[in-house]
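Spelled out from the first residue to the last, the chains are:
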Amino acid sequence: MATTRLNPLLHLSQRIETLPRLGFLHPNRKLKLPRSKPSLAIRPIRAKSTDASPIESATPAVDAGVSYSETFRLKHTRTLEGKVSVRLDRVKEGGGEGWRLVVGCNLEGKWVLHWGVTYSDEFGSEWDQPPPDMRPPGSIPIKDYAIETPMTNSSSPSGEQTYHNVQIDIHNNSSISAVHFVLKEEETGGWYQHRGRDFRVPLMDCLHEEENDEDEKKGFSIWPGAFDKFSNILLKTDGSHPKSKDNVGGANNAKQQNGFYEEYPILKEEPVQSFMTVSVKESDEEGKNLVGFDTDLPGEVVIHWGVCKDYNKMWEIPPPPHPPGTKIFRNKALRTSLQPKENGQGSWGLFAVEKKFSGLPFVLKHNHYTWLYNMGTDFYIPLPVGSFPTQFSRDKKKKDEQTMTDVQKQGVMYPPKVEDSQSASDVAETEDIINGIRNLVTDISSEKGPMTKSKEAQENILLELEKLAAEAYSIFRSSPPTFDEEAVSEAESLKPFVELCSGTGSGYEIVFQGFNWESNKSGRWYSELNEKISEIASLGFTIVWLPPPTESVSPEGYMPKDLYNLNSRYGTMDQLKLLVKRFHEEGIRVLGDAVLNHRCAHYQNKNGVWNIFGGRLNWDDRAVVADDPHFQGRGNKSSGDNFHAAPNIDHSQDFVRKDLKEWLCWLRKEIGYDGWRLDFVRGFWGGYVKDYLEASEPYFAVGEFWDSLSYTYGAMDYNQDAHRQRIIDWLNAVNGKSGAFDVTTKGILHAVLEKCEYWRLSDAKGKPPGVVGWWPSRAVTFIENHDTGSTQGHWRFPAGKEMQGYAYILTHPGTPAVFYDHVFSHYQQEISSLISLRNRNKIHCRSTIRIVKAEREVYAAEIDEKVMMKIGPGHFEPPSGPQRWQLATEGRDYKVWEAL
């Protein structure tokens, strides 16, 4: 799934309005920049919107009296209003009459109608595909329930320039009771629904008028259905009711014999680029400078600003008087609203600042909600102190700053490293850690320990072990063995000092999910993925998760049949072996998707129930659990939750466990898998999984334990300890020999980003609220996969906010997993930057984390004292102090800094 990628409709304007009383520019003169600054090269661009003026070029020059002037480009978003129209008309077809349904959209884009039908003899809200003669030209079937039809450009009923529509003809004698649809913008993958659900057009009154006189009051309207597989991506309705142009309905929406026409408003956000010009001039009032602000940002613009006395850019509140309407903001800054220009095209402001201050830092708040920064950090305007700076003084300032930096690097301001003493201190610290671990292990292993210790005490012991392990990792990473005189490669340096057990890897893994729900469609996915291996490796991934390899009743592979038949809809067994070999050549380990909970049968029993298996593992109905109501198993009762679409396997049977162990070992040897992604582990006891892992000895394994989080009256609870405890219980059952997907963290991120509740990202103890906060070395964090996203969309991540999710999981402890659809999208460069930062700073699954801020609009944390990150629209910058930070990467509502 990808967010909507939009072309900017408003570009940088080069016409600058005058700043009153400054005398900088005449209202119709173009922007002048000081000669000492390089010219701002801007190529002419024409805006797409009809009311925008063409961009003109500017020639740099100097205006008398201006000591400093700089123009900043501002990136923000604006909202486009559009509508979806639905029309149903009578038409003549052949010798009789029928109906024509027309769905239209007046927003630019490559639109597709994703639609299906329900029939009059069916109940519920499931979609079916329409009959072939009802499908417009160019329609493509999607699985067995929907059709996708491209919307074509044409003239709208109101004569609008942009209009896309689809016409669907319906026979009068059709048994279709309703048409369901959602809109999809194909270039971006954006979906449009009605209030989060699909549109539904009831047709029974139209197609069977003579049979439905008793339904005279039902009429025609668009009703939200129950198909909720999709979520909006930068597209949404504004929540208002549709307006009818044909006076359809009235109070009771009475039935219309000739059809109806209705419209639904939609709002679409797109990126826009504006400017802010800041100029400095000496004031007529002695001892003060005048700072002028000029911007073409529409709407309300508020400047949060302060002053600095030296070049460390520490914010201070200047003494009064302040500009009219200025308020003090949290005793940290001033908040001043800019004044709208007379022509309505932007706003301006004029501040008087005493000359004793050397700089003016500021940030912008646009239309109450959006914070704007300068390339991810505060804007900063240098001010002349006493007299106006010359080019010499500016050069001297840069030289002084460079000298200060050099001094710091030489250790004058910070204690120098003592290499000789470090080794001894490390040895002592390592011994302390080892003794601490021994004491904790002794405490856990004591006779009374497991039975009598409180849950909180056991949790604290576990946390202490994790902390000590993290310290040990840190010492090992910073102090490589001195006896090896040969250079150590980066790949070798990432290896752990001691591999604690199989199944958990080294701690530095980054997982790439190498498929989505549609990957089987081509029949040659292994070959297609083979062509992308070099690109995947270049992004920094260390593990790839491949789809289920076995013969399967469902083409996606999650309904396995003959486990030893590895010719699937993804490709042949030979193609799979070649793919794994190629990944290994690039240094990437490979996980196989092992579906152990259930298996589809080959034959029916004497009662006609499918529970007899064929192939190499020719089990009978003793292999099926006894309490599965659909498949009449003769095994023991299930040790977990039933999966109702296929026979649930009874893992308590010795012959079943023996066969599955042999199969996993065969896959390791024959295909070369390095580990497993374990499907639906809720279905059977984790102790059986422990047996399978001990037998197959994977390098890395991760289980899918997915159940619902805790809600009260539809709102997610703040405390999700019960949910993550169930995942921890499964991890304990497998004896810690596998990781588990951190479903808790994903669910909390949903609530955080959907409702701007970033305070949720800190639990009651100030720790991360998911599994990563309790057992980080076993938490595999993710934001999307083939089930939650892709074309299934069972639990799609909040649209347009995917990169905030990745900024969180790729900087935090745990093992992050990245979804295929996001890697091969316009997010790739941002994801690559975050992965590079994680590897560069050697963040691992046990990294330490300190949550710095968790408020309504912003969350910030420090990781390993090397990385600082923030997500959310609220303002945050690393605190000033001896530790200096440099912005490493940023995007929409997220920033990440590295320690200098």
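Residues numbered from 1 in each chain as written. Predicted model: local features only at pLDDT ≥ 70, side-chain atom pairs only at ≥ 80, totals over all residues. Heavy atoms only, no water.

With an unreviewed UniProt entry as reference, the protein is termed Alpha-amylase, source organism Acorus calamus. What UniProt states about the protein under its Subunit (unreviewed entry) heading is, verbatim, "Monomer." Taken directly from UniProt, the Catalytic activity (unreviewed entry) text for the protein runs: "Endohydrolysis of (1->4)-alpha-D-glucosidic linkages in polysaccharides containing three or more (1->4)-alpha-linked D-glucose units." (UniProt positions renumbered as here; feature names shortened; annotations may be inferred.)

A. Structural view of the overall build of the protein. Within the protein one finds 17 helices and 40 strands. By residue count, 52% of the 900 residues in the protein fall in the buried class. Look at the contacts in the protein between residues 6 or more apart in sequence, and 69% of them connect residues 24 or more apart. Total accessible area computed for the protein in this model is approximately 41700 Å², and 50% of it derives from carbon and sulfur atoms. (Helix = DSSP H or I, 4+ residues; strand = E, 2+ residues; numbered from the N terminus. Buried < 20%, exposed > 50% of the residue type's maximum accessible area, 1.4 Å probe, protein only. Contact = heavy atoms within 4.5 Å. Areas by Shrake-Rupley, 256 points an atom, 1.4 Å probe, with all protein chains shown as cover.)

B. Spatial organisation of the packing of helix α10 (residues 654-670) against helix α11 (residues 686-696). Where α10 meets α11, the axes come as close as 9 Å, and the angle between the chain directions of the two elements is 40°. Here α10 lies oblique to α11, going by the angle between them. Regarding α10 and α11, the two cross each other, and that crossing is right-handed. Contact with α10, carried on its side by Arg 657, Leu 660, Lys 661, Leu 664, Cys 665 and Arg 668, involves Tyr 688, Asp 691, Tyr 692, Ala 695 and Ser 696 of α11 and no other residues of that element. Classifying every residue of the contact of α10 with α11 gives six nonpolar, one polar and four charged. (Axes fitted to C-alpha atoms, helices over the stretch in contact; angles between N-to-C directions. Parallel < 35°, antiparallel > 145°, perpendicular 65-115°, else oblique. Left-handed = near helix turned anticlockwise from the far one by under 90°. Nonpolar A, V, L, I, M, F, W, Y, C, P; charged D, E, K, R; others polar.)

C. Focus on the sheet that holds strand β29 (residues 675-678). Taking strand neighbours around the barrel as the criterion, the eight strands line up as β24-β25-β26-β29-β30-β33-β34-β35 in a closed arrangement whose pairing is parallel. Taken pair by pair, the neighbouring strands of this sheet meet at an average axis angle of 30°, ignoring direction. Pairing of strand β24 (residues 511-513) with strand β35 (residues 815-819), which is carried by three bridges, proceeds in the parallel orientation. Note that in β35 the partner of Phe 512 across the bridge is Val 818. (Pairing = 2+ DSSP bridges.)

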